[in-house]
Amino acid sequence: RKSELNELVRETVHLLELSVGKNAQLELDLSPHSPEIEADRAQMSQVMMNLVINAAEALPAHGGTIRIRTGSAWMTEDMLSRACIGQKLPPSRYAFLEVTDTGCGMTPETMARIFDPFFTTKFTGRGLGLAAVLGIVRAHKGGFFVESVLREGSTFRMCLPMLDLPAQTPVSFEPPASGETLLQWNSTRALVVDDEASVRNVTAELLRRAGCTVE
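Reading the values: the criteria
- Residues numbered from 1 in each chain as written.
- Predicted model: local features only at pLDDT ≥ 70, side-chain atom pairs only at ≥ 80, totals over all residues.
- Heavy atoms only, no water.
- Helix = DSSP H or I, 4+ residues; strand = E, 2+ residues; numbered from the N terminus.
- Contact = heavy atoms within 4.5 Å.
- Areas by Shrake-Rupley, 256 points an atom, 1.4 Å probe, with all protein chains shown as cover.
- Pairing = 2+ DSSP bridges.
- Axes fitted to C-alpha atoms, helices over the stretch in contact; angles between N-to-C directions.
- Buried < 20%, exposed > 50% of the residue type's maximum accessible area, 1.4 Å probe, protein only.
- Expected span 1.5 Å × (residues − 1).
- Bend = angle between axes of the 7 residues up to and from the residue.
- Phe/Tyr/Trp six-rings, centres within 6.5 Å; stacked < 30°, edge-to-face > 60°.
- 1 Å grid on protein atoms, 1.4 Å probe; cavity = no way out; pocket = protein on both sides within 12 Å on 5 of 7 lines; lining within 4 Å.
- Points joined across faces, edges and corners; volume = space filled by probe spheres on them.
- Nonpolar A, V, L, I, M, F, W, Y, C, P; charged D, E, K, R; others polar.
- Salt bridge = Lys/Arg side-chain N within 4 Å of Asp/Glu carboxyl O.

Draft legend 1. Looking closely at the overall build of the chain. Of the regular secondary structure elements, the chain holds six helices and nine strands. Sequence separation of 24 or more characterises 74% of the internal contacts of the chain that already satisfy a separation of 6 or more. Surface exposure of the chain reaches about 12100 Å², of which carbon and sulfur atoms provide 53%.

Draft legend 2. Main features of the sheet that holds strand β4 (residues 64-75). The strand order across the open sheet built from five strands is β2-β4-β5-β7-β6, with neighbouring strands paired in mixed fashion. A strand with exactly one partner marks an edge of an open sheet, and here the two such strands are β2 (24-29) and β6 (143-149). The sheet shows a mean angle of 20° between the axes of neighbouring strands, direction not considered. As paired strands, β2 and β4 are joined by six bridges and run parallel to one another. Bridge pairing in β4 places Leu-28 opposite Ile-68. Contacting β4, β5 (92-101), β6 and β7 (153-161), helix α2 (residues 41-58) crosses the sheet at an angle of about 35° to β5. Sitting on the sheet, helix α5 (residues 129-139) touches β6 and β7, and the angle it makes with β6 is about 145°.

Draft legend 3. Quick peek at the pairing of β6. Within β6, five of the seven residues are buried, leaving the element largely enclosed by the surrounding structure. Hairpin remark: β6 followed by β7, antiparallel, with three residues in the connecting loop; positive phi at Arg-151, about 70°.

Draft legend 4. Summary view of helix α1 (residues 5-20). The end-to-end C-alpha distance of α1 is 21 Å, a good match for the 22 Å that 16 residues give at a rise of 1.5 Å each. Taken as a whole, α1 carries its principal kink of about 50° at Val-13. Within α1, burial applies to Leu-5, Asn-6, Leu-8, Val-9, Thr-12, Val-13, Leu-15, Leu-16, Ser-19 and Val-20. Count one or two residues on from α1 and you reach Gly-21, which has phi positive near 85°.

Draft legend 5. Region of interest: the environment of Ile-37. Along the chain, the position of Ile-37 falls in strand β3 (residues 36-38). Residues Ile-37 and Phe-96, 59 residues apart in the sequence, show an inter-C-alpha distance of 9.9 Å.

Draft legend 6. Representation of the packing of aromatic side chains within the structure. Considering all chains together, one arrives at one aromatic pair under this definition. Taken together, a centroid distance of 6.3 Å and an interplanar angle of 45° make the contact between Phe-144 and Phe-156 tilted. Taken as a pair, Phe-144 in strand β6 and Phe-156 in strand β7 lie far apart in primary sequence, twelve residues in all. Look at Phe-156 and you get buried, because its relative accessible area is 4%.

Draft legend 7. Geometry of the layout of surface pockets. Its boundaries defined by the atoms lining it, the second largest pocket holds a volume of some 250 Å³. What lines the second largest pocket is a set of 15 residues, and nearest its centre among them are Arg-82, Phe-145, Val-146, Glu-147 and Arg-157. For the lining of the second largest pocket, a count of residues per class yields ten nonpolar, no polar and five charged.

Draft legend 8. A look at the pattern of salt bridges. Under the definition given, this model contains nine salt bridges. A salt bridge links Glu-98 to Arg-157; the shortest N-O distance between them is 2.7 Å. Highlighted residues: Glu-98 in strand β5 and Arg-157 in strand β7, separated in sequence by 59 residues. Measuring nitrogen to oxygen at the nearest pair gives 3.5 Å for the salt bridge that ties Arg-157 to Glu-147. A residue pair is termed long-range when its members are at least 10 positions apart, and Arg-157 in strand β7 and Glu-147 in strand β6 qualify at ten residues. Judged by its relative accessible area of 17%, Arg-157 falls in the buried class.

Draft legend 9. Quick look at unusual backbone geometry. In this structure, Lys-141 takes a positive phi of about 60° despite not being glycine. Here Lys-141 lies in the loop between α5 and β6. Given the relative accessible area of 47%, Lys-141 is considered partly exposed. If you check the backbone angles, Arg-151 has positive phi at about 70° while not being a glycine. Following the sequence through the fold, Arg-151 ends up in the loop between β6 and β7.

On their own, these measurements won't tell you what the molecule is for.
Take a look at the structure:
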């Protein structure tokens, strides 16, 4: 679905604020010219939630800042070669979503493993959030970058093809087949179970907005 990146951020910002807690300050730095992308809106919301929750958990006990920035940038072949995924994308102008925190940062050893399924540095973590992010970005033909300085913070940057470039072939999402009906959320009762309160609260709020009755 054709979407403006800034619009996707604004749609999710309330849930993002709920997820970061009282000690974290969430800042938005949105491009005045919002780049257009073709993206699954629910999956983009999942990417933002995972990145922001991850950033919040990296902050010290006294709190810190999480900044969400959008824009577009020309990516050269050399720049793309440094991506976690997307090294083989064509040089072009890409839309980007960037989440930066003032948290603990990571060692090179930790950075090498953060996308491994079930790897986590948190006692109660499941280690699936960043692995899911990588899968979503890959499905959207995008690139993903990570920068981190120990004890200073980290930056996670998702780059996606822009729709207003004629040479770009956007990812497409097929509509339901003829005769297939979409799930009617208004008649759905959902049970949300998770050991982390922030995940429960955000997931429940997303389902309520879709029309579910949530326990």
